[in-house]
Protein chains: 2
Amino acid sequence: MDYFRRMGALRRKLTRAGLHGLLVTHPPDIRYLCGFTGSSAALALTRRRARLFTDGRYTAQAAEEVQAAEVHIVTGAPAVAAAQWLAAQPGVMMAGFDPARTTVADLVRWKRELPSRLRRAFFQTTPAPLVELLRAVKDEDELALMAEAALLGCKLFEHILNFLKPGLPEIEVAAELEHRARVLGAEAMSFETIIAAGARSAMPHGRATPAPLPRKGFVTLDFGIILKGYCSDMTRTVFLGKPTPKERIAYNSVLEAQETALNTVTAGVSCGEVDEAARSVLRRAGFGEAFSHSTGHGVGLEIHEPPRVGAGQTTRLLRGMVITIEPGIYLPGKFGVRIEDMVAVTRTGSQVLTPAPKALIEL
Amino acid sequence: MDYFRRMGALRRKLTRAGLHGLLVTHPPDIRYLCGFTGSSAALALTRRRARLFTDGRYTAQAAEEVQAAEVHIVTGAPAVAAAQWLAAQPGVMMAGFDPARTTVADLVRWKRELPSRLRRAFFQTTPAPLVELLRAVKDEDELALMAEAALLGCKLFEHILNFLKPGLPEIEVAAELEHRARVLGAEAMSFETIIAAGARSAMPHGRATPAPLPRKGFVTLDFGIILKGYCSDMTRTVFLGKPTPKERIAYNSVLEAQETALNTVTAGVSCGEVDEAARSVLRRAGFGEAFSHSTGHGVGLEIHEPPRVGAGQTTRLLRGMVITIEPGIYLPGKFGVRIEDMVAVTRTGSQVLTPAPKALIEL
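Residues numbered from 1 in each chain as written. Chains lettered and ligands numbered in written order. Predicted model: local features only at pLDDT ≥ 70, side-chain atom pairs only at ≥ 80, totals over all residues. Heavy atoms only, no water.

The next subject is the overall build of chain A. The helix and strand inventory of chain A stands at 10 helices and 19 strands. Its C-alpha atoms put chain A at 70 × 40 × 35 Å along the principal axes. Long-range pairs, those at least 24 residues apart, make up 69% of the contacts in chain A with a sequence separation of at least 6. Accessible surface, chain A as shown: approximately 14,600 Å² in total, 53% of it carbon and sulfur. Side chains of chain A give 44 positive and 37 negative charges; the mean places of these two sets differ by 5 Å. (Helix = DSSP H or I, 4+ residues; strand = E, 2+ residues; numbered from the N terminus. Contact = heavy atoms within 4.5 Å. Areas by Shrake-Rupley, 256 points an atom, 1.4 Å probe, with all protein chains shown as cover. Lys, Arg positive; Asp, Glu negative; His and termini not counted. Charge placed at Lys NZ, Arg CZ, Asp CG, Glu CD.)

The next subject is the domain arrangement of chain A. All names here are of chain A. Looking at the assigned domains, one finds that chain A contains domain 1 (3-134) and domain 2 (137-352). Taken residue by residue, the interface counts 10 residues in domain 1 and 9 residues in domain 2. Both faces considered, domain 1 and domain 2 share a buried interface measuring about 770 Å² in area, 46% of it formed by carbon and sulfur atoms. Taken together, domain 1 and domain 2 are joined by 4 salt bridges. With a closest N to O distance of 3.9 Å, Arg101 and Glu302 form a salt bridge. For the pair domain 1 and domain 2, the interface holds 5 residue pairs in polar contact (both at pLDDT 80 or more). Counting residues per element, the ones that place at least two in the side of domain 1 that touches domain 2 are α1 (3-16), α2 (27-34) and α6 (130-136). Partitioning the side of domain 1 that touches domain 2 into residue classes produces 4 nonpolar, 1 polar and 5 charged. (Domains from an automatic or database assignment. Buried area = accessible area lost by both parts, 1.4 Å probe. Salt bridge = Lys/Arg side-chain N within 4 Å of Asp/Glu carboxyl O. Polar contact = N/O pair within 3.5 Å; in protein donor to acceptor, adjacent residues only side chain to side chain. Nonpolar A, V, L, I, M, F, W, Y, C, P; charged D, E, K, R; others polar.)

Looking now at helix α9 (residues 245-264) of chain B. The first and last C-alpha atoms of α9(B) sit 29 Å apart over 20 residues, in line with the 28 Å expected at 1.5 Å per residue. Listed in full, the buried residues belonging to α9(B) are Glu247(B), Ala250(B), Tyr251(B), Ser253(B), Val254(B), Leu255(B), Ala257(B), Gln258(B), Ala261(B) and Leu262(B). (Expected span 1.5 Å × (residues − 1). Buried < 20%, exposed > 50% of the residue type's maximum accessible area, 1.4 Å probe, protein only.)

The next subject is the relation of the copies chain B and chain A. With an axial shift of 0.0 Å and an RMSD of 0.0 Å, the rotation relating chain B to chain A amounts to 180°. Here the symmetry operator amounts to a two-fold rotation axis. Within chain B, Thr103(B) has its C-alpha nearest the rotation axis, a separation of 1.9 Å. The fraction of interface residues of chain B whose copies in chain A are also interface residues reaches 100%, indicating that both copies meet through the same surface. (Least-squares fit on C-alpha atoms with pLDDT ≥ 70 in both.)

Turning our attention to the pairing of strand β12 (residues 234-240) of chain A. Residues and elements named next belong to chain A. Of all 7 residues in β12, 7 are buried, a share of seventy percent or more. Covered by surrounding structure in β12 are Met234, Arg236, Val238 and Leu240 together with Thr235, Thr237 and Phe239, the residues of both alternating faces. Judged from the 7 bridges that link them, strand β9 (residues 217-223) and β12 form a sheet pairing that is antiparallel. Within β12, the position partnered with Val219 by the bridge is Val238. (Pairing = 2+ DSSP bridges.)

Here we come to the side chain of Arg236(A). All names here are of chain A. Tracing the backbone through its elements, the reader meets Arg236 in strand β12. At 2.9 Å, the side chain of Arg236 forms a polar contact with the side chain of Asp341. Once residues lying within four places of it in the same chain are set aside, the contact partners of Arg236 are Phe157, Val219, Thr220, Leu221, Arg338, Ile339, Glu340, Asp341, Thr354, Ala356, Pro357 and Lys358.

Residue and element names in this part refer to chain B. The N-to-C vectors of helix α1 (residues 3-16) and helix α2 (residues 27-34) enclose an angle of 115°; their axes lie 7 Å apart at closest approach. Residue-level contacts link Tyr3, Arg5, Arg6, Met7 and Leu10 of α1 to Arg31, Tyr32, Leu33 and Cys34 of α2. In the contact of α1 with α2, the residues fall into 6 nonpolar, no polar and 3 charged. (Axes fitted to C-alpha atoms, helices over the stretch in contact; angles between N-to-C directions.)

Residue and element names in this part refer to chain A. With antiparallel pairing, 3 strands are arranged side by side in an open sheet as β8-β9-β12. Two strands in the sheet have a free side with no partner beyond their single neighbour: β8 (194-197) and β12. Averaged over all pairs of adjacent strands, the angle between strand axes in this sheet comes to 15°, irrespective of strand direction. On the sheet, helix α8 (residues 170-183) packs against β8 and β9 and is oriented at approximately 145° with respect to β8.

Mean pLDDT for chain A: 96, with 100% of residues reaching 70 or above. Overall fold confidence for the complex sits at a pTM of 0.91, while the interface term, ipTM, reaches 0.88. (pLDDT = per-residue confidence, 0-100.)

All names here are of chain A. Between Pro306 and Pro307 the backbone carries a cis peptide bond, its omega angle lying at 0°. Among the structural elements, Pro307 can be located in strand β14 (residues 305-309). A positive phi angle, close to 45°, is found at Lys228, a residue other than glycine. Tracing the chain through its elements places Lys228 in the loop between β10 (225-227) and β11 (230-231).

Tallying the contact residues gives 28 residues for chain B and 28 residues for chain A. Looking only at chain B, the three residues that lose the most surface to chain A are Arg57(B), Val104(B) and Arg182(B), adding up to 27% of its buried area. Along the contact surface separating chain B from chain A lie 2 salt bridges. Among the ionic pairs, Glu178(A) bridges to Arg182(B), the shortest N-O distance being 2.8 Å. On the surface where chain B and chain A come into contact, there are 10 residue pairs in polar contact (both at pLDDT 80 or more). Those elements giving two or more residues to the side of chain B that touches chain A turn out to be α5 (104-112) and α8 (170-183) of chain B. It is α8(B) that contributes the most residues to the side of chain B that touches chain A, 9 residues altogether. For the side of chain B that touches chain A, the residue count by class is 11 nonpolar, 9 polar and 8 charged.

As a further point, take the environment of Leu133(B). Residue and element names in this part refer to chain B. Along the chain, Leu133 falls in helix α6 (residues 130-136). Among the residues examined, Leu133 registers a relative accessible area of 36% and is labelled partly exposed. Sequence separation of Leu133 and Asp2 is 131 residues, and the distance between their C-alpha atoms is 17 Å. Setting aside residues up to four positions removed in sequence, Leu133 forms contacts with Lys13, Ala128 and Pro306.

Another point: the sheet that holds strand β11 (residues 230-231) of chain B. All names here are of chain B. Overall, antiparallel pairing links the 3 strands, which are arranged β7-β10-β11 in an open sheet. Only two strands of the sheet have a single partner each, and these edge strands are β7 (188-189) and β11. Most of the contacts of helix α7 (residues 140-161) go to strand β10 (residues 225-227), to which it runs at about 140°, and overall it touches β10 and β11.

Shown next as structure tokens:
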């Protein structure tokens, strides 16, 4: 990972925002900028220097992981030490912080430790989540890792197909999938595994329960793993038994919506246009109301990152962004269907990172 | 769960703090007060009413789960709607929020939507994390669930003992343990499983890696599950092969420290005294420097909750608190040992919730 390049890009944004420094406390942002993966840290950045503050538990780990920043071990709160250090740097009169990642209590504590002449105006909210917006555009190293993570997800789907059968509790499906993920090298799941069978498939967030898989019905599997820090995310919906014509129509409508939206993904298109592509297919098929969430979201070091792929979103796709495309329909009390891929915006269009089959699988 | 009792206790605290209302946004706090487990919600509380705000994805779930509060489905941000509702309640001139659980951006957004006459003084930081402090003292229902969660942890430890053998990658140990947890009904792990073998046991936070278990050396297993929302947390350190006298002395020193601290746990004792009980044993044994973290922490709906059981902490233990006691020693490049139980403060003293064997197990 080219941490120096990232720090350079961030410094240019800082300069443009008129800030002399930045205090970074969100762990994925810290990892992105200097490689540190510990849970307790703060990164202080000026136009010339960068210093990571962490505590004694992480001495060895920080020495091993951190690049493009000095490391400083502290006994108190890392962010307070970072705030004090920033305020003591020559020429630093104003430092930014991300208001969406800073609690009211943190800000009060940081300010309290500043020299009184600086207390009022030193910390300024950044005009946008600077690091998060950098993170939205993945570099080559990240794209390679994300492709690897997504392929691992596809392997898990393939594996679990042989395992699904009526009567099996949803949580055993999740357990098998998660065990396989671990054995194949995943550090963790990127979110709580969704296994939602029968009428439960009508819940967009149907976490696996002890309920048994039905003899006949849809099973939605929505899961992701974390590999070397990067999240995967995919959904497939399969059918146990023979679907009715109505169920088949619903499935194929979602599939058409999903592929139509995928086909719009290219640099320069707005996220709202991608969302509308999926939505209009479902609307025409009479499922407009049943598609009750956004079409997708960015993914990377976190499972949900910018950009949001929802109605009216004006953000334009950039080469290197990785988003999900996951339209669904939910008919409460009856059934639901969702199909989700991860897709990267490339120089020439897009590349699907989750090439698992999408035609309806009947088991 | 007696949500009405909890709401009543919270209202008394609000009144004492001179506040007319409270805006609760931290998911475990919301779950504690009204039972809702969804991820997107805000709870607004006045002296007479309570209303949960969530979005359309959770209509069915909220109807099923929520007690002691009205449910209101919104299309925008639940917390913004909750803030507006609070400000519109008769007699509510000042509402509290927890500054440690509210971002600077959230507070700005909430204020922006208020009538201008209220904007300046309506939202007040609470003098303490009111809900979190209530949560620190568990009621009978919670204690029963936590005992069940802790016992499940003990079963997992028993299971994994038959599985450990030299050469096995740490992550496969974690995978087996986590799979078993799921099959036995755990919703998830309460934190990333720590399996740290050989020299890696000297890292207090040694997440499982692909490294193989050594032929000879300590293996630290620190893991927890979530059962019906409640976290368990336990650590055992076992030995593969025959320990040297020095390793045995280290192990027994930690064990003595752990049991000495456990024996001090009773209502009225300060957390600092409990910490000192463990620390003084290790200091006398020459391992004072090697015990580099606090003795323990509260546990419940979250894996880390008040109280903190560390040096100098003056908080006094109350009947119903559940804390961990987990001293350890870490000798970088050599080995580490940690032993951890969950213990509940009872009417007559304390009760260990994790009765798995602690004498050194040699495999």
